[in-house]
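What follows is each chain in one-letter form.
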Amino acid sequence: MKGERVSAGSGMDGGASMSGIAGADVAAAGTGAGATTSGRRRPRTRRAVLLPAALLAAAALALSGCGLLPQLLPDSATDGTGPLPDEPQGTVEGFGAQRPHWVACGEGMECADVYAPLDWEDPAGERITLRMVKHPATGGDPLGTLFVNPGGPGASGAQYVADNIDYAIPAEVQRAYDVIGWDPRGVGESSPVTCFDAAGMDEYLFGVDETAQLEPGSDEWIAAALDESRAFGEACEQGTGALLGHVDTASTVRDLDMLRAIVGDDTLNYLGFSYGTYIGARYADAYPERVGRMVLDGAMDPTTGLDDVVREQTRGFELALRAYASDCLNRSDCPLSGTVDEAMASIGELLARVEAEPLRGSDGRMLSVSTMLTAIITPLYSQDNWGYLDELWRTVSNGNADVALELADFYYDRSDGSYQSNSTEAFSAINCLDYPNEPDADRMREEAAELERIAPTIGRYQGYGDISCAAWPVQGVADRSPVTASGAAPILVVGTTGDPATPYRWAESLARQLDSGVLLTFEGEGHTAYTSSACVRDIVDDYLLTGSVPAADPHCS
C-alpha cells in the first residue's frame, strides 16, 4: 500500500551495509548532524493514516543494491509521446473507439496519450488525458493485453512498466501479452493532481507546524491539525481545479474499461498489486462479463472503512517490525540486543528520543518522529530490505539523521531536493474521495488509545488519521459495499500471511466476496508475493497463460 502516506505518511539482505548511499560513506555523511531543535519550535509531528502503498518504491529499493542511489529512482523514460488521437465523440463508445498514436519511448517501449472525460456522467464535457506505456509482446500472436497497476494510490503504472518490466513480468508472460501500464487520472503523466512546488512540499512534509507545541489529541491540537489539512486541500484545489473532484477509484475503473476497448480486447486481463487490487475488484464488480484473467496480489478488502484500515495496518507493521527484530537478533552484526521484547522496547525508546529532540540532517531538514516512522516502515514492505533498518538504528542512535531522511525521501520520491512525481498529492486526493469521513474528537481519541494498545511501539504515532481528509475541499464518493462480480471468470486473489500493508485477512475476505474468487496463500513476510515467491509466480503465470486456477489453495511458502 506506497503508506501519509505512512507517517502522520518499500528494503536489502539482512546483513547489508548502506555505505555508499548517495556516493558517501554513511558514517561520514553527516558530521555535525546530531544537532537537535532544543529551544526551538519542533518540526511537524503529523498523525496520519497508513494506506495502501505502491509496489514501485519497494521494487526499486530491492533492486538498488546496497546504495540508495538517486539514479535508481524512476527516470523519465515515459516522457514524450506522439500526438493525441482525434477528438473522440462525446459518448462512452466514442472514447472507447480512440486510436492512440504509439511512439517509441525507451528501450522496447511505446508510449501514447488518450483522452478521457473529466466526468464520466458528462462524457460530452471537459476532457483529461491518460498516459500509457506498452511493452509489445515478444512472441507471435499475443493473447491480448495485460494491464498492470502497481498500487498507491498515486503510483505511476506507466513508469512501473517502463522501468521494471523484467523484474515485474516473466519472459514467458512478456511473450504472450502486450503489457501496458497506465497512469491513473490524477497521477504522473496523466492529467495530474497538483498542490505545492518542491519548497512547499518540503514545508508540508518536514517543516514546522502549529501543532508542534500542543498536546496531541487535545481540542487545540485537533483544531490546528484541521487548519493544516485545510490549507493543503485548498492548495490542491487551486492547483488542480475541477479534476480534484474526479480522481476517485470509480472513475478510474471506467477509464480502465475505456482502455480495454481502445486496445481492442473483449475482456480485461489485469495484474493489480495492493491498491491496484481495489481497482481490479471494483472493475470486476462493475463489468463481470468483461473479466478475462485477473490477478489481485496484496488484496484490499473493498468493505473496510478508514478506521479498519488504520487499525489493521498499524497492527501489521508492528508485527513486521517484531519479525525483523527476531531475525536481526539471530545475526552477529545486529545492532539490537536482548530478547525480541527488549529490542522492540529499544526501538520505542529511540522513537521517543526523536519525538522529544528531533535531529537536524546535513541538509538542514529536521527529522521528526513522523519522518522517522516513515523511514522505519519503508523497508518493512519487503523482507529483502530489512538490512536498511540496521543502519537506521546505528545512525540515528549516534545523532545522525541522514539515513532516515534518505529513506523518507525514497518513500516520497524525492531526490536532490526535487520531487520526481506527484505521488504524495495524488495519494491524498484519491484517498480523500474514496474514504470520506466525519471526524469526531472523542472517537478519534478512543481509536488512538486502541492503536497504542495493539501496537505498543508505533501505535501512539498513528492516531487521528481522520483529520487528513476532514477538511478536504471536495466531497468524497466512497462505495464500501461488498463486491461479488457475479458471472465473472475465475479471479486469482493472492494474500501473504505476513503482509504488513494489506493484511492476509483482507485477501481471505475479498476471495470470499467474489463469486469466482480463488485464494492463493503465500506463507511469508512482505507486501505482495508475485515478485518474491517462485511458487506464487509459477501458479500466477500458469493462470495468465492458460486460464487454469488451482483446485485448492496450495499455500506457497
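Note that the structure is predicted; figures quoted are calculated from it, not measured. (Residues numbered from 1 in each chain as written. Predicted model: local features only at pLDDT ≥ 70, side-chain atom pairs only at ≥ 80, totals over all residues. Heavy atoms only, no water.)

Draft legend 1. Quick look at the overall build of the protein. Across its full length, the protein holds 19 helices and 13 strands. Counting across all 557 residues of the protein, residues that qualify as buried make up 61%. In the form shown here, the protein has an accessible surface area of approximately 19,200 Å², with 47% of it arising from carbon and sulfur atoms. (Helix = DSSP H or I, 4+ residues; strand = E, 2+ residues; numbered from the N terminus. Buried < 20%, exposed > 50% of the residue type's maximum accessible area, 1.4 Å probe, protein only. Areas by Shrake-Rupley, 256 points an atom, 1.4 Å probe, with all protein chains shown as cover.)

Draft legend 2. View of the environment of P490. Here P490 is to be found in the loop between α17 (467-470) and β12 (491-498). The spatial distance from the C-alpha of P490 to the C-alpha of G517 is 6.0 Å, given a sequence separation of 27 residues. The residues touching P490, leaving out its near neighbours within four places in the chain, are G292, S516, Y543 and V549. (Contact = heavy atoms within 4.5 Å.)

Draft legend 3. Looking closely at the sheet that holds strand β5 (residues 177-182). Spatially, 9 strands are ordered β1-β2-β3-β5-β4-β6-β7-β12-β13 in an open sheet, and the strand pairing comes out mixed. The strands lining the two open edges of the sheet, one partner per strand, are β1 (103-104) and β13 (517-525). When strand β2 (residues 110-117) meets strand β3 (residues 127-135), the two strands line up antiparallel, connected through 8 bridges. Bridging across to β3, A116 finds its partner in I128. Of the strands in this sheet, β4 (144-149), β6 (268-273), β7 (291-297) and β12 are in contact with helix α9 (residues 275-286), which crosses β6 at around 145 degrees. This element, helix α19 (residues 534-546), spans β4, β5, β7, β12 and β13 of the sheet and lies at about 165 degrees to β7. (Pairing = 2+ DSSP bridges. Axes fitted to C-alpha atoms, helices over the stretch in contact; angles between N-to-C directions.)

Draft legend 4. Representation of the nonpolar core. Formed by 145 residues in total, the largest nonpolar core has its most connected members in M294, Y324, M372, L392, W393 and I491. Looking at this core, the element that brings in the most residues is helix α10 (residues 306-329), giving 10 residues. What Y324 contacts, discounting residues up to four positions off in sequence, is R331, P335, L336, L380, W386, L389, D390 and W393. (Core = buried A, V, L, I, M, F, W, Y, C linked by side-chain atoms within 4.5 Å.)

Draft legend 5. Fine view of the packing of aromatic side chains. Applying the stated criterion across every chain yields a total of 16 aromatic pairs. Ring geometry for Y275 versus Y278: centroids 6.4 Å apart, planes at 45 degrees, classification tilted. Residue Y275 and its partner Y278 are both found in helix α9; the two are separated by 3 residues, about one turn of the helix. No difference in accessibility class separates Y275 from Y278, as the two residues are buried. Cluster of aromatic residues (ring-pair linked, three or more members): F196, Y204, F232 and W472. (Phe/Tyr/Trp six-rings, centres within 6.5 Å; stacked < 30°, edge-to-face > 60°.)

Draft legend 6. Inspection of helix α16 (residues 441-454) at higher detail. Over its 14 residues, α16 extends 20 Å from the first C-alpha to the last, a length consistent with the 20 Å expected when each residue adds 1.5 Å. Along α16, the residues that are buried comprise M444, A448, L451 and I454. The buried residues of α16 occupy an angular sector of 135 degrees when the element is viewed end-on, so they sit on one face. Opposite its buried face, α16 presents the exposed residues D442, E446 and R453, each directed more than 90 degrees away. For α16, the elements touching its buried residues are α7 (219-240), α10 and α17. Where α16 begins, one side-chain oxygen reaches toward the backbone nitrogen of D442, 3.3 Å away; that side chain belongs to D440. (Expected span 1.5 Å × (residues − 1). Arc of directions from axis to C-beta. Polar contact = N/O pair within 3.5 Å; in protein donor to acceptor, adjacent residues only side chain to side chain.)

Draft legend 7. Region of the structure containing the state of the cysteines. The full count for this structure, using the stated rule, is 5 disulfides. Covalent S-S linkage joins C105 and C111, the inter-sulfur distance amounting to 1.9 Å. Its S-S torsion of approximately 80 degrees makes the covalent link between C105 and C111 right-handed. Classification of C105 as buried rests on a relative accessible area of 9%. Covalently, C195 is tied to C236 through a disulfide, its sulfur atoms 2.0 Å apart. (Disulfide = S-S within 2.5 Å.)

Draft legend 8. Molecular detail of unusual backbone geometry. With an omega of -5 degrees, the peptide bond running from G152 to P153 counts as cis. The backbone of D416 sits at a positive phi, close to 55 degrees, despite the residue not being glycine. A relative accessible area of 73% places D416 in the exposed class.

Draft legend 9. Region of the structure containing the packing of helix α11 (residues 340-356) against helix α12 (residues 369-377). Direction vectors running N to C along α11 and α12 enclose 145 degrees, while the axes themselves pass 8 Å from each other. Contacts from L350, L351, V354 and E355 of α11 reach α12 at V369, M372, L373 and I376. Here the residues of the contact of α11 with α12 are counted per class, giving 7 nonpolar, no polar and 1 charged. (Nonpolar A, V, L, I, M, F, W, Y, C, P; charged D, E, K, R; others polar.)

Draft legend 10. Spotlight on the environment of P85. The residue P85 is located in the loop between α2 (55-63) and α3 (92-96) in this model. Taking the C-alpha atoms as reference points, P85 and A112, 27 residues apart in sequence, are found 9.1 Å from one another. When near neighbours in sequence (up to four residues on either side) are disregarded, P85 contacts Q98, R99, P100, H101, D113, V114 and Y115.

Draft legend 11. A look at the pairing of β5. Extensive coverage of β5 is indicated by the burial of 6 of its 6 residues. Because side chains alternate across β5, one face comprises the buried residues Y177, V179 and G181, and the other comprises D178, I180 and W182, equally buried. Pairing of β3 with β5, which is carried by 4 bridges, proceeds in the antiparallel orientation. Bridge pairing links H135 to V179 in β5. Inspection of the sheet shows β4 paired to β5 by 5 bridges, in the parallel sense. Residue pairing in the sheet places L146 in a bridge with V179 of β5.

Draft legend 12. View of the side chain of D297. Checked against the element boundaries, D297 lands in strand β7. Notably, D297 is buried but unbridged: the nearest opposite-charge side chain belongs to R537, and the N-O separation is 8.5 Å. Engagement of the side chain of D297 in a polar contact is seen with the backbone nitrogen of A529, the distance being 3.0 Å. Not counting residues up to four positions away in its chain, the partners in contact with D297 are G272, F273, S274, T277, V494, T528, A529 and Y530. (Lys, Arg positive; Asp, Glu negative; His and termini not counted. Salt bridge = Lys/Arg side-chain N within 4 Å of Asp/Glu carboxyl O.)

Draft legend 13. The arrangement of the side chain of S423 in detail. Considering the arrangement of structural elements, one finds S423 in helix α15 (residues 423-434). Only 3.2 Å separates the side chain of S423 from the side chain of S421, close enough to count as a polar contact.

Draft legend 14. Spatial organisation of the pattern of salt bridges. Applying the stated rule across the entire model yields 30 salt bridges. The partner of D409 in a salt bridge is R365, and the shortest N-O contact between them spans 2.8 Å. You can see D409 sitting in helix α14 (residues 402-411) and its partner R365 sitting in the loop between β8 (359-360) and β9 (366-367), a full 44 residues away along the chain. Grouping residues by exposure puts D409 and R365 together as buried.

In short, shape yes, function no, at least from these values alone.
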